[in-house]
Amino acid sequence: MLKPAATDIESLKILDDRLRWLSAWTIHHANHVRESADGLKVGGHQASCASMTSIMAALYFHALGPNDRVAVKPHAGPVLHAIHYLLGSQSREALENFRGFGGAQSYPSRTKDRIPVDFSTGSVGLGVAITAFSSLIQDYLTAHGMMDEADRGRFVALIGDAELDEGNIYEALIEGAKHDVRNLWWIVDYNRQSLDATSADRMFERFDEIFRSCGWRVVELRYGKKLKAALDANPKLKAWFEALSNAELSALHYQGGEALRKRIETDLGKGAVAFLKAHDDAALASLFSDLGGHCMESLVEAFDAAQDDVPTLFIAWTIKGFGLPFAGHKDNHAGLMNPTQMTAWRGAMGVAEGQEWEPLESVGDNARPGVEALIDKSRIAREKRNRGFGQIETPALTVPSGEEQATQAAFGRILLEIAKAGGTLADRIVTTSPDVTVSTNLGAWVNQRGLFRREAVEDVFAKQKIASAQKWSAANKGQHIELGIAENNLFLMLAAAGLAGDLFGSRLAPIGTLYDPFIARGLDALNYACYQDGRFLLVATPSGITLGPEGGAHQSINPPLIALGQPGLRHYEPAFADELTAMMELAFRLIDDPDGESTYLRLSTRSIRQVERENDDWREGALQGAYWLREPGNGSEAAIIAMGAVMPEALAAWEELREDLPGLGLLSVTSPDLLHRHWTAAQAKRWSGRREQSHIEQLLSQLGRNAGLVTITDAAPASLSWLGGVLGQRVAPLGVDRFGQTGNLPDLYAAYRLDGSAITEAVAEILLAE
Ligand SMILES: Cc1ncc(C[n+]2csc(CCOP(=O)(O)OP(=O)(O)O)c2C)c(N)n1
Ligand SMILES: [Mg+2]
């Protein structure tokens, strides 16, 4: 292994100082220098940044290869910006506007920051776990010949020690172990402080065991070189040091040399006289601050020694707020240096007044060439990449045949046809599911395309000639990634696969399936996937109380409301197989379109009679969120508005009522989400002077101003009740507003008022109320 030249270490230490300065100054500037328009605290985390500038200097200016990708601890965002400022890829203007509108974001953001951010972070834990799934996707792409071996990289997560409490990390660890995940470095900034206080003692030994038992290498960087030598020479002192609790050690770091001296005198008495004599207070403070995560030699050595592909956890001991006046104080998480402290610290860092933004301020002439050379060397691959859109040809998809169909079964059949037909879409699709592959109708696709595993796994049941409808063998050309039951992992996998174009240059069309109610289990990870603009198709099925005998724990109620409030995700809820086919076709196009988004399909196991179509006029409306399944009379006084699986009840009620109400319309809603979006967007346009009527306004204006609307959906009634607000028409909302229960459909629909008589009663009531 190549040992870095000694000058490199010196240059890295200088870069470490520059990062500590620039990150703290960026935060200080935003809080104390920049004009405030609203008097709000701007905030930022100087202590969390100072904690890991050494680690990040060692990584970005030494250890990272051109293809490596990093998820940075969210509150160390300013350090990442400072790195790019030194590299020339971040502007002073963006730093001056840190946490301001259009400025550098508080937490690294793929979509909003101008610097290349590999993974957005913010919700702790998720940035850590996505690196494991990205590594898996890298393995997938190379195995499928969609990426050159030479372009492979390592995935690095920079983690706060309190972040290790997030359970989603362990779900990912377990899934990773099953898939033999590799090329991962997870680096813990072990400052033993969280947001509120110091963190629980001795946990790191447990972390150690957990990771090792999952096949990871664990490297503990507890001591820097100086401190290690001092403690090795003095076993009593070492024992004393190692017995300190997290809180005691942090307090001593904060209090400094004098307090350290007193404490050692008290605890070790005569045994420490010689040691204390040889160190003045400043030397004591400096010595005990020499923890592994601040020692450049130790960091470089550790990174250089971990060059194989074994997943590695580095536990790097650090001091939160290292080098700052509030180093080690338990309350320093959101602590900010005041202007007086900043002035003093500026002097200590050798930065001249007025030169605060100078990238290499305070770097002496002798050191400069070495530092500049390191920066130049590190610049190469840290540039923003093309996002890799426009790679998938989506053909027109065929509508599955059958007079009676369920959308869930139709989904499986459409995928099967795609698999059989072949082509780029079929080859770019990767499916994934948390142990509900078969029960969400992905089975036929998997039979065609196989499970993905780097190492082949045979189907023992098939080999033993035991009859089964489902093939279950795996190979590195398989296209289904089977996950354990952890919905967080599903969404993180979809995020990683949905960023394949961005991260690796090869766009995939990821499809994830799960039961609709369990979206809630992975909601933050779903939001995280959308926030990064990962592109995928989420198929949630079965849904609603239409699931019948499965009962209330499996019957989803609120996901359409979740979707209504989720940016980056388009909700469709088809009633018929032809609608579903059109939606899937569009969903694949949206995955591969720079202006696209992800799609969520809410499907059902209920088999319903398909409608006869006279033409294709419905299609455009269905893709925009609604169309008249039964046209209303002009100025009609009433309409039934229905979504999804309860369409047969809506159609039957329409048939029953149309003699008494000749103008009665039946609107099939396929996406409350799109209708709402276009409605509010059209309003915003009107305020800026452009007149435009949204799709739902056009549809509802075919009715009378005072028309009554009866909305019905197998979901929270609020999913559709807002339609009354579009033109101010009266609305009677039907839907599920209590937990479901077991039962057959007639019983459940009657109890929850989703049946024909509920509709006719609601229509009668709303008309009588006139
Ligand atoms: C899911 C989630 N919960 C809570 C927070 C708020 N939060 C941000 S940082 C933090 C503590 C982090 O401590 P640690 O991980 O040790 O990082 P340090 O700043 O000490 O390096 C908390 C609770 C968050 N960002 N995300
Ligand atoms: Mg911490």
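Points about the coordination of the magnesium ion (ligand 2)
At this site the magnesium ion (ligand 2) is bound by Asp161 (OD), Asn191 (OD1) and Gln193 (O), with donor distances of 2.0 to 2.1 Å. Between consecutive donor residues of the magnesium ion (ligand 2), the sequence gaps follow D-x29-N-x1-Q. Here the residue Asp161 occupies a position in the loop between β2 (155-160) and α7 (167-178), and Asn191 occupies one in the loop between β3 (184-190) and α8 (203-213), the gap between them amounting to 30 residues. Judged by its relative accessible area of 6%, Asp161 is buried.

Focus: the packing of helix α10 (residues 235-243) against helix α12 (residues 257-268)
At a closest axis distance of 11 Å, the pairing of α10 and α12 adopts a crossing angle of 110°. It follows that α10 is roughly perpendicular to α12 by the angle criterion. Of the residues in α12, those touching α10 at Lys236, Leu237 and Trp240 are Leu260, Arg263, Ile264, Asp267 and Leu268. Tallied by class, the residues present in the contact of α10 with α12 amount to five nonpolar, no polar and three charged.

Overview of the pattern of salt bridges
Enumeration according to the criterion identifies 51 salt bridges in this entry. Between Arg507 and Asp502 there is a salt bridge, with the nearest N and O atoms lying 2.5 Å from each other. Here the salt bridges share partners, and the residues they tie into one network are Asp139, Glu149, Arg152, Asp180, Arg182, Asp309 and Arg454.

A few points about the nonpolar core
Of all hydrophobic cores here, the largest spans 88 residues; its most connected members are Ile137, Trp186, Phe241, Phe288 and Leu538. If one sorts the elements of this core by residue count, helix α6 (residues 126-143) sits on top with 11 residues. Apart from residues no more than four positions distant in its own chain, Ile137 is found in contact with Ile481, Met493, Ala496, Ala497, Ala500, Phe504 and Leu508.

As for empty space enclosed by the protein
In the structure shown here, the tally under the stated rule is three cavities of 30 Å³ or more. The computed volume of the largest cavity comes to approximately 100 Å³. By residue class, the composition of the lining of the largest cavity is five nonpolar, six polar and four charged. Lining the second largest cavity are Ile519, Leu526, Pro559, Ile562, Ala563, Gln566, Leu569 and Tyr600. Of the residues in the lining of the second largest cavity, the class split is seven nonpolar, one polar and no charged.

Observations regarding the environment of Ala421
Assignment of secondary structure puts Ala421 in helix α18 (residues 407-421). A C-alpha to C-alpha distance of 10.0 Å links Ala421 and Pro395, two positions 26 residues apart in sequence.

Overview of the site of ligand 1
The full set close to ligand 1 counts 18 residues, and Ser48, Lys73, Asp161, Gln193 and Lys320 are the nearest of them. Contact distances for ligand 1 include 3.0 Å between an oxygen atom and a backbone N or O atom of Glu163. Within the side chain of Asn191, an N or O atom sits 3.0 Å from an oxygen atom of ligand 1. Protein chains shield 74% of the accessible area of ligand 1, which is 590 Å² for the free molecule. Grouping the constituent residues of the shell around ligand 1 by class yields three nonpolar, nine polar and six charged.

A short note on the sheet that holds strand β4 (residues 217-221)
One open sheet accounts for five strands, arranged β1-β2-β3-β5-β4; its pairing is parallel. The two strands at the open ends of the sheet, each matched to only one other strand, are β1 (69-71) and β4. Taken over all neighbouring pairs, the strand axes of this sheet differ in orientation by 15° on average, direction set aside. Pairing geometry for β1 and β2, over three bridges, is parallel. Bridged to Val70 within β2 is Val156. Set on the sheet, helix α3 (residues 53-63) makes contact with β1, β2, β3 and β5 (312-317); between it and β3 the angle comes to about 150°. In this fold helix α15 (residues 296-304) packs onto β3, β4 and β5, with an angle of close to 170° to the strand it touches most, β4.

Observations concerning a nonpolar patch on the surface
On the surface, Val460, Phe461 and Ile466 cluster together to form a nonpolar patch covering roughly 290 Å² of accessible area. Considering the arrangement of structural elements, one finds Val460 in helix α21 (residues 460-463). Here Val460 falls in the partly exposed class, since its relative accessible area comes to 46%.

What about the sheet that holds strand β19 (residues 703-713)?
Reading across the sheet, the five strands line up as β16-β18-β17-β19-β20 and stay open at both edges, with mixed pairing between neighbours. Each end of this open sheet is capped by a strand with a single partner; those strands are β16 (626-630) and β20 (730-734). Taken pair by pair, the neighbouring strands of this sheet meet at an average axis angle of 25°, ignoring direction. As defined by bridge partners, β19 adjoins β20 across five bridges and the pair is classed as parallel. Paired with Val710 across the strands is Ala732, a residue of β20.

Examining unusual backbone geometry
Following Thr541, the chain continues to Pro542 via a peptide bond in cis, the omega torsion being 0°. Counting through the fold element by element, Pro542 comes out in the loop between β12 (537-540) and α25 (559-564). One non-glycine residue with positive phi stands out, namely Arg99, at about 65°. Counting through the fold element by element, Arg99 comes out in the loop between α5 (92-96) and α6.

Re the layout of surface pockets
In this structure, the largest pocket occupies an estimated 680 Å³ of space. For the largest pocket, the lining is made up of 31 residues, of which Arg20, Ser286, Ser289, Phe322 and Gly323 are closest to its centre. Elements supplying a minimum of two residues to the lining of the largest pocket: α1 (6-33), α9 (225-232), α11 (246-255), α12, α14 (281-288), α15 and α16 (339-348). The element best represented in the lining of the largest pocket is α1, accounting for four residues.

Rules used in this analysis
Residues numbered from 1 in each chain as written. Chains lettered and ligands numbered in written order. Predicted model: local features only at pLDDT ≥ 70, side-chain atom pairs only at ≥ 80, totals over all residues. Heavy atoms only, no water. Donors = N, O, S within 2.8 Å, 3.2 Å for Na, K, Ca; no water. Helix = DSSP H or I, 4+ residues; strand = E, 2+ residues; numbered from the N terminus. Buried < 20%, exposed > 50% of the residue type's maximum accessible area, 1.4 Å probe, protein only. Axes fitted to C-alpha atoms, helices over the stretch in contact; angles between N-to-C directions. Parallel < 35°, antiparallel > 145°, perpendicular 65-115°, else oblique. Contact = heavy atoms within 4.5 Å. Nonpolar A, V, L, I, M, F, W, Y, C, P; charged D, E, K, R; others polar. Salt bridge = Lys/Arg side-chain N within 4 Å of Asp/Glu carboxyl O. Core = buried A, V, L, I, M, F, W, Y, C linked by side-chain atoms within 4.5 Å. 1 Å grid on protein atoms, 1.4 Å probe; cavity = no way out; pocket = protein on both sides within 12 Å on 5 of 7 lines; lining within 4 Å. Points joined across faces, edges and corners; volume = space filled by probe spheres on them. Near = heavy atom within 4 Å. Polar contact = N/O pair within 3.5 Å; in protein donor to acceptor, adjacent residues only side chain to side chain. Areas by Shrake-Rupley, 256 points an atom, 1.4 Å probe, with all protein chains shown as cover. Pairing = 2+ DSSP bridges. Patch = residues over 30% accessible without salt bridge, like charges linked within 9 Å, V, L, I, M, F, W, Y side chains within 5 Å.

Functional significance is not addressed by these values, which are geometric in nature.
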